[in-house]
Amino acid sequence: MAFDEISSNRMFGGVQSVYRHDSSATSTAMEFAVYRPDSATGAAVVFLSGLTCTWENFTVKAGAQRMASELGLTIIAPDTSPRGGSVPDDPGGAYDFGLGAGFYVDATQAPWSANYRMRSYVLSELLPGCIEEFDLDASRIGISGHSMGGHGALTLALGAPGTFASVSAFAPICAPSQCPWGEKALAGYLGDDRSGWRGSDAVALIEDGARLSEVLVDVGLDDAFLAEQLRIDLLESACSDADIGLTLRRQAGFDHSYYTIATFIDDHMNWHAQRLGLRTE
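Residues numbered from 1 in each chain as written. Predicted model: local features only at pLDDT ≥ 70, side-chain atom pairs only at ≥ 80, totals over all residues. Heavy atoms only, no water.

**Q** Please explain the pairing of strand β1 (residues 4–11) as it appears in this structure.
**A** A regular strand carries its side chains on alternate faces of the sheet. Judged from the 7 bridges that link them, β1 and strand β2 (residues 14–23) form a sheet pairing that is antiparallel. Residue pairing for β2: Met-11 is matched across the bridge by Gly-14. Between β1 and β2, which follow one another and run antiparallel, lie 2 residues, and Phe-12 among them has a positive phi close to 45°. (Pairing = 2+ DSSP bridges. Helix = DSSP H or I, 4+ residues; strand = E, 2+ residues; numbered from the N terminus.)

Printed below as a string of structure tokens:
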């Protein structure tokens, strides 16, 4: 797979680049961002963004590069959906389905199934391509994400055991089968049979036997989506029942925005660094 560099900027002790490539998974051109510290160790974190976002939101707003440079940690930030003139979008132009809202699933329903295959894109195409292109260590890859991307981080890690050595999330959609955003997306992409949604729902995956050793989650108590959309309470109960080490930090005064992510991103970078062998404490 050929990655074409479309921009490159010096930043702290490393380089922030953006690449474009042709994707067989989505049948479109895809863009993604990579931050490569000069002291790259081969360890990396994949960060999945949320509804309406591209790779740019995390790359520009989160401020992760300073700590990543200190740690020698590469950061990979993909887009949130396929894009292009032939890619279908929500017919009403809604923000929570279609372009910018791929939900990190492989759609089975027409017309979405032709392009909306973000799970396969991340796991089977982007990640292996980056491991080869950027000389990464496949045994030292972490995953994180925000909101819809937090859902993606949890479900991809739970559904692909052994792929990710560390997992964290900001304000994840934990039980999409039980919230309006998720019910709309999963019905649209996967069909009306709710039993087929369970593999794309972190809480359901845990209930069905999928396991993580541990996960870090930050959520703001002033997050307007906390009660109805995120369902952190269900993740907390599922992890407790399954003996999964959930470090859940409820942050007073913080909301769903990138101000929250920027405040706590260093903690998440360090969390991954410790579990990827870059720090002992």
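**Q** What is the right way to read unusual backbone geometry from this model?
**A** In most cases, non-glycine residues show a negative phi, while peptide bonds are predominantly trans. Residues Ala-110 and Pro-111 are joined by a peptide bond in cis, for which omega reads 0°. Tracing the sequence through the fold places Pro-111 in the loop between β5 (74–78) and α3 (118–133). Positive phi, normally seen in glycine, also occurs at Thr-52, with a value near 75°. Its place among the elements puts Thr-52 in the loop between β4 (44–48) and α1 (55–61).

**Q** What should I look at first to understand empty space enclosed by the protein in this one?
**A** Under the definition given, this model contains 3 cavities of 30 Å³ or more. The calculated volume of the largest cavity comes to roughly 60 Å³. As for the largest cavity, its lining consists of Gln-16, Ala-33, Val-34, Tyr-35, Phe-58, Thr-59, Ala-64, Gln-65, Ile-75 and Ala-77. Take the lining of the largest cavity: its biggest share by element is 3 residues, from strand β3 (residues 28–37). A breakdown of the residues in the lining of the largest cavity according to their chemical character gives 7 nonpolar, 3 polar and no charged. (1 Å grid on protein atoms, 1.4 Å probe; cavity = no way out; pocket = protein on both sides within 12 Å on 5 of 7 lines; lining within 4 Å. Points joined across faces, edges and corners; volume = space filled by probe spheres on them. Nonpolar A, V, L, I, M, F, W, Y, C, P; charged D, E, K, R; others polar.)

**Q** Please clarify how the environment of Pro-176 should be interpreted in this entry.
**A** Looking at where Pro-176 falls in the secondary structure, it is placed in the loop between β7 (166–170) and α5 (180–190). For the pair Pro-176 and Ser-200, spaced 24 residues apart in the sequence, the C-alpha separation amounts to 7.9 Å. Those residues within four positions of Pro-176 in sequence are excluded, and the remaining contacts are His-151, Gly-182, Glu-183, Leu-186, Ser-200, Asp-201 and Ala-202. (Contact = heavy atoms within 4.5 Å.)

**Q** Sorry, what's going on with the packing of aromatic side chains here?
**A** One pair of aromatic rings is described through two measures. These are the centre distance and the angle between the planes. In total, this model carries 14 aromatic pairs according to the counting rule given. Centre to centre, the rings of Phe-3 and Phe-134 are 6.2 Å apart; their planes meet at 20°, and the pair counts as stacked. Taken together, the residues span a long stretch of sequence, with Phe-3 in the segment before β1 and Phe-134 in the loop between α3 and β6 (141–145) at a distance of 131 residues. Residues Phe-3 and Phe-134 agree in their burial class; the two are buried. (Phe/Tyr/Trp six-rings, centres within 6.5 Å; stacked < 30°, edge-to-face > 60°. Buried < 20%, exposed > 50% of the residue type's maximum accessible area, 1.4 Å probe, protein only.)

Any functional reading would require information that these geometric values do not contain.
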